[in-house]
Amino acid sequence: LEAQGLGQAYRDGQVTVVGSLSEARSSKASTTYIVVSDGVSHVAFTRGSTAQDGAHATVEVDGTTYGVTFTDSTDAVPLIAYDVGDDATRTSAIDQAAALGKGVRLGAGQHYATTGSLTIPDAVPFLDGAGAVLNASIPGGTEDAPANVLVLATSSSGTTVTDLTLDLKNQEW
């Protein structure tokens with residue numbers, strides 16, 4: 001909280017800290033800030049900040065919109081700031097990271113289902129798995145040639161993928 005300039009706000013009771021967006025929604029928080037943290041990434045949503053104001057991601061809590069903007073001091077777009085649902089293939093975090101020239105950081109230790117390939121554009125310098133697991137169930141592959149879970153954009157250079165496990169046990173052949 002101190003690193004994000006929210007130490008005093010936290011001490012003043014203006015910050016609610018939760019572990020996920022679903023916990024934020026059920027918190028009924030009415031504080032100025034909601035911080036979603038998985039222990040690795042910390043995303044500070046501000047009350048009243050909306051997409052129209054330039055927020056890159058928003059969450060609705062008890063009828064109030066909270067938004068976050070990924071600033072120049074942030075090296076990655078954390079996936080914990082987005083609703084992933086039951087298929088990580090459909091998240092907009094990768095597109096947002098590419099637009100900002102930032103990396104993508106998955107939720108620490110999380111398991112994500114994928115039903116399609118995740119394409120990493122050249123504008124995204126890294127994908128930090130943060131110990132996450134991608135559970136692939138992508139149609140169209142064979143045991144000898146499984147479908148691609150991660151695809152680097154054509155002519156990519158210097159893209160780094162770290163701390164990520166691919167689980168293909170549910171892959172259909």
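About the thresholds
Each chain carries its own residue numbering, running from 1 in the direction its sequence is written. For this predicted model, a pLDDT threshold of at least 70 governs which residues receive local features, and a threshold of 80 or more governs which side-chain atom pairs are given and counted, while totals over whole chains, interfaces and linings are taken from all residues. Only hydrogens and water are set aside when side-chain values are computed; all heavy atoms of the structure are taken into account. Here a strand is any run of E in DSSP of at least two residues, a helix any run of H or I of at least four, and the numbering for each starts at the N terminus. Within these notes, the globule rule equals 2.2 Å times the number of residues to the 0.38 power, and the radius of gyration is based on C-alpha atoms. Buried, partly exposed and exposed residues are distinguished by accessible area as a fraction of the type maximum, computed with a 1.4 Å probe on protein chains only: under 20%, between the cut-offs, and over 50%, respectively. What makes two residues a contact is simply this: any of their non-hydrogen atoms within 4.5 Å. A 1.4 Å probe and the Shrake-Rupley method give the accessible areas. Residues count as covered only by the protein chains that appear here. Counted as positive: Lys and Arg. Counted as negative: Asp and Glu, with His and the chain ends omitted from the count. Taken as the charge centre is NZ of Lys, CZ of Arg, CG of Asp or CD of Glu, depending on the residue. The set of buried Ala, Val, Leu, Ile, Met, Phe, Trp, Tyr and Cys residues whose side-chain atoms join them within 4.5 Å is what this entry labels a nonpolar core. Paired strands are those between which DSSP finds at least two bridges. Note on geometry: axes are C-alpha line fits, over the in-contact stretch for helices, and angles between N-to-C directions span 0 to 180 degrees.

*Asks:* Any chance you could break down the overall build of the protein for me, citing the residues and the numbers?
*Replies:* The helix and strand inventory of the protein stands at three helices and twelve strands. Relative to the 2.2 N^0.38 estimate, which gives 16 Å for 173 residues, the radius of gyration of the protein is 17 Å and therefore close to what a compact globule would have. With the C-alpha coordinates of the protein rotated into their principal frame, the extents come out at 60 × 30 × 30 Å. Residues classed as buried in the protein amount to 43% of the 173 residues present. Sequence-distant contacts in the protein: of pairs separated by 6 or more residues, those separated by 24 or more amount to 53%. Here the protein has roughly 8800 Å² of accessible surface; of this, 46% comes from carbon and sulfur atoms. Both charge centroids of the protein, one from 8 positive and one from 20 negative side chains, sit 8 Å from each other.

*Asks:* Outline the nonpolar core, supporting the account with residue identities and numerical values.
*Replies:* Membership of the largest hydrophobic core comes to 38 residues, with the highest contact counts inside it found for Ile34, Phe45, Ala81, Leu106 and Tyr112. Setting aside residues up to four positions removed in sequence, Leu106 forms contacts with Asp38, Leu79, Tyr112, Leu127, Asp128, Gly129, Ala130, Ala132, Leu134 and Leu164. Of all hydrophobic cores here, the second largest spans five residues; its members include Leu6, Ala9, Val15 and Val35.

*Asks:* Could you give me a rundown of the sheet that holds strand β2 (residues 33–37), with the residues and numbers involved?
*Replies:* Pairing is mixed across the open sheet formed by five strands, whose spatial order is β1-β2-β3-β5-β4. Only two strands of the sheet have a single neighbouring strand rather than two, namely β1 (15–18) and β4 (57–61). If you compare each strand with its neighbour and ignore which way they point, the axes differ by 30° on average. Bridge count between β1 and β2: four bridges; the pairing is parallel. Bridging across to β2, Val18 finds its partner in Val36.

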